[in-house]
Amino acid sequence: MTVADILAGKGRAVVTTTPAATVTQAVSALAEHGIGALVVTDGPQRITGIVSERDIVRALADGGAAIMAGPISAIMTRAVVTCCESDTINAVMSKMSGGRFRHVPVLNNGQLAGIVSISDVVKARIGEVERDAEDLRTYIATS
Ligand code: AMP
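Below you will find a few notes about this structure. (Residues numbered from 1 in each chain as written. Predicted model: local features only at pLDDT ≥ 70, side-chain atom pairs only at ≥ 80, totals over all residues. Heavy atoms only, no water.)

### Here we look at the overall build of the chain
The secondary structure content of the chain amounts to five helices and five strands. Shown N-terminal to C-terminal, the secondary structure of the chain runs as helices and strands in the order α-β-α-β-β-α-α-β-β-α. Taken along the three principal axes of its C-alpha coordinates, the chain extends 65 × 35 × 25 Å. In the chain, which comprises 143 residues, the share counted as buried stands at 34%. Intrachain contacts of the chain at a sequence separation of at least 6 include 57% that bridge at least 24 residues. Within the structure as shown, the chain displays about 8200 Å² of accessible surface, and the carbon and sulfur contribution to it stands at 56%. Charge separation in the chain, taken as the distance between the mean sites of 13 positive and 14 negative side-chain charges, equals 5 Å. (Helix = DSSP H or I, 4+ residues; strand = E, 2+ residues; numbered from the N terminus. Buried < 20%, exposed > 50% of the residue type's maximum accessible area, 1.4 Å probe, protein only. Contact = heavy atoms within 4.5 Å. Areas by Shrake-Rupley, 256 points an atom, 1.4 Å probe, with all protein chains shown as cover. Lys, Arg positive; Asp, Glu negative; His and termini not counted. Charge placed at Lys NZ, Arg CZ, Asp CG, Glu CD.)

Next comes the structure, spelled out in C-alpha cells:
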C-alpha cells in the first residue's frame, strides 16, 4: 500500500498558512479543522515550513503568551521532510519514527499534493492487517 492509496481515500486537501500569519491565527485554524499541524507556504503550493501543536506548546513554554501575537515564521520547522505518492506506508512510517513527527506533506513535481498523518498511516495498516486476516480465514476455510 502506498501514499497514493491513502490519498485516494482521504482526499488531497491540505490546510495551509503563511509565514506572516500569527500564532493566534494558527491556533484558530488547528481548532477549526481539528488537525495537529499546518503546512506553511510562501507561494502557490510552495512549502517553506510546517507548524504543529508541539511547536506552539514549546514556544508558549519558552516565551509565554506574548508569542501568540508573533508570526508563525518564528516558531515553525523549516527543514520539512516530505514524501511522494509512490512511497510505501512503511517508508512513511520510518520517516515519522526516525524524525519523531506525525505529519508528512506529499509532494508531486515539487508541488504540495496532500498530507499524511500518523492516524492515516495507522488506519491504513489496520486495514491491511484485517485484509490479511480475512485472506487467511478464507484460505483455511477453503483448503
Ligand atoms: P508533530 O509530531 O507532527 O506534531 O511534530 C513534532 C515536531 O516535528 C514539530 O516541531 C514539527 O514542526 C516538526 N515536524 C512535523 N512534521 C514535520 C515534517 N514532515 N518534517 C519536519 N519536521 C516536522
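There is more to say after this.
### Focus: the site of the ligand
Lining the immediate environment of the ligand, one finds 15 residues, of which Asp 55, Thr 77, Val 81, Arg 102 and His 103 sit closest. Within the side chain of Ser 52, a nitrogen or oxygen atom sits 2.8 Å from an oxygen atom of the ligand. Side-chain polar atom of Thr 77 to an oxygen atom of the ligand: 2.6 Å apart, as the coordinates give it. Compared with its free state, where it exposes 480 Å², the ligand has 94% of that area covered by protein. Of all elements in the fold, only β3 (46-52), α3 (53-63) and β4 (103-108) reach the threshold of two or more residues within the shell around the ligand. Residues belonging to the shell around the ligand are distributed by class as follows: seven nonpolar, three polar and five charged. (Near = heavy atom within 4 Å. Polar contact = N/O pair within 3.5 Å; in protein donor to acceptor, adjacent residues only side chain to side chain. Nonpolar A, V, L, I, M, F, W, Y, C, P; charged D, E, K, R; others polar.)

### Digging into helix α5 (residues 118-142)
Between its first and last C-alpha, α5 extends 36 Å over 25 residues, near the 36 Å set by a 1.5 Å rise per residue. Where α5 is concerned, the buried positions are Asp 120, Val 121, Ala 124, Gly 127 and Glu 128. Residues of α5 that are buried make contact with α1 (3-10), α4 (89-99) and β5 (111-117). (Expected span 1.5 Å × (residues − 1).)

### Considerations on the pairing of β3
Two elements, strand β2 (residues 37-43) and β3, share six bridges in a ladder whose sense is antiparallel. Residue pairing in the sheet places Gly 43 in a bridge with Arg 46 of β3. In sequence, β2 turns back onto β3 through a hairpin of two residues, with Gln 45 there showing a positive phi of about 60 degrees. (Pairing = 2+ DSSP bridges.)

### Quick look at the pattern of salt bridges
Summed over the entire model, instances satisfying the criterion amount to eight salt bridges. A salt bridge links Asp 120 to Lys 10, with the shortest nitrogen-to-oxygen separation between them at 2.9 Å. Here Asp 120 is found in helix α5, whereas its partner Lys 10 is found in helix α1, with 110 residues between them in sequence. A residue is classified by how much of its surface remains accessible, and Asp 120, at 12% relative accessible area, is buried. Assessed through its relative accessible area of 37%, Lys 10 is described here as partly exposed. One salt bridge in this structure joins Glu 53 and Arg 102, with 3.5 Å as the shortest N-O distance. One end of the pair, Glu 53, is in helix α3; the other, Arg 102, is in the loop between α4 and β4, with 49 residues separating them in the sequence. Here Arg 102 falls in the partly exposed class, since its relative accessible area comes to 25%. (Salt bridge = Lys/Arg side-chain N within 4 Å of Asp/Glu carboxyl O.)

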